[in-house]
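Here's the letter readout for the chains.
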Amino acid sequence: MSTSEGKMSDLGSSAPWPAGAAARPKVGARTIFFGLLLLVAVTLPFISKNFFIFQTTVVMVYAIAILGLNLLIGVNGQFSLGHGAFYALGAYTAAILMETFGLHYAWTLPIAAALCFVAGFLFGLPALRLEGVYLALATFALAVTTPQLLKLSPFEGFTGGVQGIVITKPGAPFGLPLNSDQWLYFLTLAIGLLLYWLVHNIVHSRTGRAFMAIRDNPIAASSMGVNTSLYKATAFGVSAMITGVAGSLGAIVIQFVAPDSFTFALSVQLLVGLVIGGVGWLPGALIGAVFVVFIPNVAEEISKGLAGACYGVLLILVIYLAPQGADGVIRAAVDRFKRLL
Amino acid sequence: MGWADPKGMRSRMSAAADDIRADAGQPVIEVRDVTVRFGGVLALDGVSFDIRAGAILGLIGPNGAGKTTLFNCLSRLYTPSSGDIRLLGRTILRQPAHKMAGMGIGRTFQNVASFHNLTVRDNVRVGAHSASRSNVASDALRLPSARRSEREIDRAAQELIDWLELGEVADRLVAGLPFGWQKRVELARAMAAKPKLLLLDEPAGGLNHDEVQELGGLILKVRDEGDVTVLLVEHHMGLVMSVSDRVVVLNFGRKIAEGTPEEMQKHPEVISAYLGGGDE
Ligand SMILES: Nc1ncnc2c1ncn2[C@@H]1O[C@H](COP(=O)(O)OP(=O)(O)OP(=O)(O)O)[C@@H](O)[C@H]1O
Ligand SMILES: [Mg+2]
């Protein structure tokens, strides 16, 4: 086979592929960038007003929720219009454990994580038979059922019915010189970084490659030995777990849960954040979350009466300008920057 | 239908190997009376044959003869309505599709079925899935066991990339690669599971003359160095006749002939199936 290399290369040059299609920013530049970002993140609560700290914390909560959704949709290729349900499950788990059972808030997070993993895994099992639009419908059903379930009178003793549950705001532990907002900011940041690390590890592992193989070609994946049912249900479970932890954090940070915070609109918001950030690109979750949290405010600034319409126009504008989400924009910018050098 | 110069290519490529191997090994796979029905269509009708260890068996037949259907039975994507398929003496029909790779049956697809948003290297790594162990928790936490398994996968993938000369595209996305490269990636991916039996479904489809020549050499190389038995479905007669030790001919779901490449080229039913095209 001495000729093979030459022949195949000829073939290669006759059919050019976009230069650097698979290229990512160099590891060095990337490390510096994320290091700086982390530095800003750590100093921010000491130089900002409490309300801005609170808002940034909410952004991080949404980013975590979107990260979970990205693992399912972007990495594994399963669609969900109902991730708000897992967010709600996490939020109510935290609220009920804290207010009804008097549990310390730190304990509610792992419990919510476990519960949401199991719920996601179990939902994922029957959903295995559903593809594309049918899965979208099933998860949509989940999203619209959730607020109704939370209002049901038999559960009212736990859920507080329509009124919801008010949560006491936890302060900083170990006598740390931080106010409540600053503490919750750092807690959310730490948990967000931990979850990001876990998801990043999964994506770059045997499990993550199995997820992506299923996304790209499920039949070929199963012929390569991937148990597609198990991996799809697992992806659903882990995704629900991450979004659920975001829900718990959200409940603690916002100090309130009620059925009407967890309507179908929440699921759609998570989806919007995912698309804006870039489907399949993990850091995009943060950019998507910034959009989801701040753009409605911007829309309201533009026109109080037509806030909804303004939001819609802004959304369409962003989608037209960045059809592949922030991922595409950043990649194009990095490419151009490299060419300049 | 190029029945071109099988002798010449054959002697160049595999003379030594097929003298030693033809009919020498134990059957790796035994196909027994396999019948597959799709509604009214009888895609396979009582097909039986063996493949001996180390052999390259060519499976030919006109379009719609049932070749891919047989492949799909062997990789458990379809279940025959009757009959049996045994791998090293044990039936595979009670196993799910995803167990096949681990049991030693690897395959490529008629129209490439790559993981197109993954790099070549990652495609090959997925191929090693069945030959490695980990779970979502060990992978998420990067436990030592997961890291060890990841190193083994990396080493195996690198070996295959070198062996099948994929080095220059190893870190490119498969989606951007020309068809010929993609086929080679699929071969590397299938070999990453260290199969005992390799199923190749029309590997020459869409390749030009020179690439087909190369492919013939590649198949022999994989068989000889990769220590694997090959079932080759192919319409390119020159290729089939030059690399196969034996050939099985299907027509309308039935086996109409089996023998050496030379015998098949003289077989009246085979010739009429290809030339006549009708129901014999
Ligand atoms: N999933 C299916 N459902 C219904 N009919 C099918 C299915 N798969 C194959 N068939 C039919 O079974 C017969 C055999 O098809 P198969 O794909 O096995 O042929 P083949 O020998 O691989 O042909 P080709 O050389 O064109 O690839 C055809 O009549 C085909 O239409
Ligand atoms: Mg076929």
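Calculation criteria
Residues numbered from 1 in each chain as written. Chains lettered and ligands numbered in written order. Predicted model: local features only at pLDDT ≥ 70, side-chain atom pairs only at ≥ 80, totals over all residues. Heavy atoms only, no water. UniProt positions renumbered as here; feature names shortened; annotations may be inferred. Donors = N, O, S within 2.8 Å, 3.2 Å for Na, K, Ca; no water. Helix = DSSP H or I, 4+ residues; strand = E, 2+ residues; numbered from the N terminus. Buried < 20%, exposed > 50% of the residue type's maximum accessible area, 1.4 Å probe, protein only. Near = heavy atom within 4 Å. Polar contact = N/O pair within 3.5 Å; in protein donor to acceptor, adjacent residues only side chain to side chain. Areas by Shrake-Rupley, 256 points an atom, 1.4 Å probe, with all protein chains shown as cover. Nonpolar A, V, L, I, M, F, W, Y, C, P; charged D, E, K, R; others polar. Phe/Tyr/Trp six-rings, centres within 6.5 Å; stacked < 30°, edge-to-face > 60°. Lys NZ or Arg CZ within 6 Å of the ring centre and 35° of its normal. Axes fitted to C-alpha atoms, helices over the stretch in contact; angles between N-to-C directions. Parallel < 35°, antiparallel > 145°, perpendicular 65-115°, else oblique. Left-handed = near helix turned anticlockwise from the far one by under 90°. Contact = heavy atoms within 4.5 Å. Buried area = accessible area lost by both parts, 1.4 Å probe. Salt bridge = Lys/Arg side-chain N within 4 Å of Asp/Glu carboxyl O. Domains from an automatic or database assignment.

Labelled according to an unreviewed UniProt entry, chain B appears under the name Amino acid/amide ABC transporter ATP-binding protein 1 (HAAT family), originating from Roseiarcus fermentans.

You'll find chain A entered in an unreviewed UniProt entry as Amino acid/amide ABC transporter membrane protein 2 (HAAT family), with Roseiarcus fermentans given as the organism. What UniProt states about chain A under its Subcellular location (unreviewed entry) heading is, verbatim, "Cell membrane".

A. Representation of the coordination of the magnesium ion (ligand 2) in the model. All names here are of chain B. Ligation of the magnesium ion (ligand 2) by protein atoms is provided by T68 (OG1) and Q110 (OE1), these donors lying 1.9 to 2.2 Å from the ion. Within this pair, whereas T68 is found in helix α2 (residues 67-74), its partner Q110 is found in the loop between β6 (105-107) and α4 (120-127), the two being separated by 42 residues in sequence. Assessed through its relative accessible area of 30%, Q110 is described here as partly exposed.

B. Broad picture of the site of ligand 1. All names here are of chain B. N63, K67, T68, T69 and H235 are the nearest of the 14 residues found near ligand 1. Here an oxygen atom of ligand 1 and a side-chain polar atom of T68 are 2.7 Å apart. With respect to ligand 1, the side chain of T69 contributes an N or O atom lying 2.5 Å from an oxygen atom. Taking 630 Å² as the accessible area of ligand 1 by itself, protein coverage stands at 65%. Mapped by element, the contributors of at least two residues to the shell around ligand 1 are β2 (41-52) and α2. Here the shell around ligand 1 gets three residues from one element, more than from any other, and that element is α2. When grouped by side-chain class, the residues that make up the shell around ligand 1 number five nonpolar, seven polar and two charged.

C. Spotlight on the packing of aromatic side chains. One pass over the structure, following the stated rule, counts 15 aromatic pairs over all chains. Ring plane angle 25° and centroid distance 6.3 Å describe the contact between Y62 of chain A and Y87 of chain A, whose orientation is recorded as stacked. Of the two residues, Y62 of chain A sits in helix α3 (residues 50-75) while Y87 of chain A sits in helix α4 (residues 83-99), which places them 25 residues apart along the sequence. The class of Y87 of chain A is buried, set by a relative accessible area of 5%. An angle of 75° between the planes, with centres 6.5 Å apart, marks the rings of F86 of chain A and F123 of chain A as edge-to-face. With F86 of chain A in helix α4 and F123 of chain A in helix α5 (residues 105-127), the pair connects residues that are 37 residues apart, well separated along the chain. One exposure class covers both F86 of chain A and F123 of chain A, and it is buried. Each member of the aromatic cluster is reached from another via a ring pair, and the members are Y62, Y87, Y92 and F262 of chain A. If you follow R107 of chain B out to its NZ or CZ, it ends over the ring of F109 of chain B, 4.1 Å from the centre. One residue, R189 of chain B, lies across the ring of F115 of chain B, its end atom 4.5 Å from the ring centre.

D. Geometry of unusual backbone geometry. Residues and elements named next belong to chain B. Positioned with a positive phi, L88 is a non-glycine residue whose angle comes to about 50°. Looking at the secondary structure, you find L88 in the loop between β4 (82-87) and β5 (90-91). The exposure class assigned to L88 is partly exposed, which follows from its relative accessible area of 48%. The phi angle at R142 is positive, at roughly 50°, despite the residue not being glycine. One can find R142 in the loop between α5 (136-140) and α6 (144-163).

E. Focus on the packing of α4 of chain A against helix α12 (residues 264-277) of chain A. All names here are of chain A. The contact between α4 and α12 brings their axes to 7 Å, and the two run at 110°. Here α4 is positioned roughly perpendicular relative to α12, judged by the angle of their axes. The two elements α4 and α12 meet at a crossing, and its hand is right-handed. Residue-level inspection shows H83, G84, A85 and Y87 of α4 in contact with α12, the latter providing L266, S267 and L270. Among the residues forming the contact of α4 with α12, the class breakdown is four nonpolar, three polar and no charged.

F. Here's a closer look at the interface of chain A and chain B. Contacts between the two partners involve 40 residues from chain A and, on the opposite side, 49 residues from chain B. For the pair chain A and chain B, the two sides together bury roughly 3900 Å², of which 61% comes from carbon and sulfur. Summed over the shared surface of chain A and chain B, the result is one salt bridge. Salt-bridge contacts for R209 of chain A lead to E150 of chain B; the nearest nitrogen and oxygen are separated by 2.7 Å. Our count for the chain A to chain B interface comes out at 10 residue pairs in polar contact (both at pLDDT 80 or more). Broken down by secondary-structure element, the contributors of at least two residues to the side of chain A that touches chain B are α1 (4-14), α8 (180-203), α9 (206-216), α10 (218-223) and α11 (228-254) of chain A.

G. Structural detail: the domain arrangement of chain B. Residues and elements named next belong to chain B. As far as domains go, chain B holds domain 1 (1-99 + 196-280) and domain 2 (114-194). Taken together, the contact pairs 16 residues of domain 1 with 11 residues of domain 2. Note on domain 1 versus domain 2: buried area summed over both sides is about 980 Å², and carbon and sulfur give 68% of it. On the domain 1 side of the interface with domain 2, the three residues burying the most area are L218, K221 and V222, jointly 39% of the side's total. The partner of E214 in a salt bridge is R184, with the nearest N and O atoms 3.4 Å apart. Linking domain 1 with domain 2 are six residue pairs in polar contact (both at pLDDT 80 or more). Elements with a minimum of two residues in the side of domain 1 that touches domain 2: β7 (197-201) and α8 (209-226).

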